[in-house]
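Notes for the structure review
Okay, here's what each chain looks like letter by letter:
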Amino acid sequence: LAGYAAAGHRRVKIKIGREPARDVERVRIAREAIGPSVELMVDANGAYTRKQALAMAEAFAPYRVCYFEEPVSADDLEGLRLLRDRAGIAIAAGEYGYDAFYFRRMLEAGAVDILQADATRCLGVPGFLKADALAVANALPLSSHCGPSIHAHLDAAVTNLAHLEYFRDHARLEHMLFDGVLEPTAGELTWNPRAPGLGLTLRAREA
């Protein structure tokens, strides 16, 4: 995390929820590593119960966690709404969304402060842009999930982008499969508007 901060990333995110008893200490260490000016985000992947998530949100407050992804299951829309109303942290979910109806149900429930979408899951470019249209209609920002070399282009068309997730594991796989993969500079991705398509070329098999 300290390396990401030094490289110019303005936000970092860590996974939590596997060992709840250690999560507050891990968040404390993360804040210490990145310093006071970088935003700290957490992702529980739906691991907590509602009461656990509320308690964790309160415990994270001294470390200025600004974003809580899937504190409870993304299918628990009532639970997400409860957290959104009471946790004091922006609640995000939606990465598993697969069509416009999924996103609409989540938004109608008032379940999130930030809607996530993943073009590799939600029917590609058209599905991603539908998610953006629904977010705009509900006056909420959209965050793209993983696949940075794909989403950088789509995010350029998003009306109210919160952030593009640069997930290191996914970026590593992109480099293994493609040439033309985008690399962050000072915490930002810049895409080449003159490259055809997504700017990616399938790498030839090495002899």
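Everything numeric here is computed off the predicted structure, so don't read it as measured data.

About the thresholds
Residues numbered from 1 in each chain as written. Predicted model: local features only at pLDDT ≥ 70, side-chain atom pairs only at ≥ 80, totals over all residues. Heavy atoms only, no water. Pairing = 2+ DSSP bridges. Helix = DSSP H or I, 4+ residues; strand = E, 2+ residues; numbered from the N terminus. Axes fitted to C-alpha atoms, helices over the stretch in contact; angles between N-to-C directions. Phe/Tyr/Trp six-rings, centres within 6.5 Å; stacked < 30°, edge-to-face > 60°. Salt bridge = Lys/Arg side-chain N within 4 Å of Asp/Glu carboxyl O. Buried < 20%, exposed > 50% of the residue type's maximum accessible area, 1.4 Å probe, protein only. Expected span 1.5 Å × (residues − 1). Contact = heavy atoms within 4.5 Å. Polar contact = N/O pair within 3.5 Å; in protein donor to acceptor, adjacent residues only side chain to side chain. Core = buried A, V, L, I, M, F, W, Y, C linked by side-chain atoms within 4.5 Å. Disulfide = S-S within 2.5 Å. Right-handed = clockwise from strand over helix to strand, strands pointing away.

**Notes on the sheet that holds strand E7 (residues 161-164)**
The parallel open sheet is built from seven strands, whose spatial order is E1-E2-E3-E4-E5-E6-E7. Looking at strand neighbours, the two that pair on one side only are strand E1 (11-15) and E7, the edges of this open sheet. For this sheet, the mean angle separating the axes of adjacent strands, direction not counted, is 25°. As judged from the four bridges shared by strand E2 (residues 39-43) and strand E3 (residues 65-69), these two strands associate in the parallel manner. Its bridge partner being in E3, Met 41 is matched across the sheet by Tyr 67.

**Here we look at the packing of aromatic side chains**
This model, assessed by the stated rule, comprises four aromatic pairs. Three or more aromatic residues joined by ring pairs form one cluster here, namely Tyr 48, Phe 60 and Phe 68.

**Points about the pattern of salt bridges**
For the coordinates displayed, the defined rule picks out 18 salt bridges. For Glu 108, the salt bridge identified is with Arg 104, shortest N-O distance 3.8 Å. Within this pair, Glu 108 and its partner Arg 104 are both found in helix H5 (residues 100-108), separated by four residues, close to a single helical turn. Here Glu 108 falls in the exposed class, since its relative accessible area comes to 61%. Classification of Arg 104 as partly exposed rests on a relative accessible area of 41%.

**Quick look at helix H6 (residues 124-137)**
Over its 14 residues, H6 extends 20 Å from the first C-alpha to the last, a length consistent with the 20 Å expected when each residue adds 1.5 Å. Buried residues in H6 make contact with H5, strand E5 (114-117), strand E6 (142-144) and helix H7 (148-155). Ala 139 lies just past H6 and shows a positive phi near 55°.

**Focus on the side chain of Ser 144**
Examined against the element boundaries, Ser 144 turns out to sit in strand E6. Within the structure, the side chain of Ser 144 is placed 2.7 Å from the side chain of Asp 155, a separation counted as a polar contact. Beyond its immediate sequence surroundings of up to four residues, Ser 144 is in contact with Ala 117, Phe 128, His 151, Asp 155, His 163, Leu 164 and Glu 165.

**So, the nonpolar core**
With 44 residues, the main nonpolar core has Ile 16, Phe 60, Phe 68 and Met 106 as its most contacted residues. Ignoring any residue separated from it by four or fewer positions in sequence, one finds Ile 16 in contact with Asp 23, Arg 26, Val 27, Val 42, Asp 43, Ala 44, Tyr 48, Phe 60 and Phe 68. Counting residues in each nonpolar core, the second largest holds five residues, with Met 41, Tyr 67, Ile 114 and Ala 162 among its members.

**Observations regarding the state of the cysteines**
With the rule as written, the count across this model stands at zero disulfides. Cys 66 takes part in no disulfide bond, and the closest cysteine sulfur to it belongs to Cys 146, at a distance of 17 Å. Not engaged in a disulfide, the cysteine Cys 122 finds its nearest cysteine sulfur in Cys 146; these two sulfurs lie 13 Å apart.

**Some details on the pairing of E2**
Counting buried positions along E2 gives four out of five residues, so the element sits mostly inside the fold. This β-α-β element, E1 to helix H2 (residues 20-34) to E2, shows right-handed connectivity. Remark: the E2/helix H3 (residues 50-60)/E3 crossover connection has right-handed handedness.

Shape descriptors only; they carry no functional weight alone.
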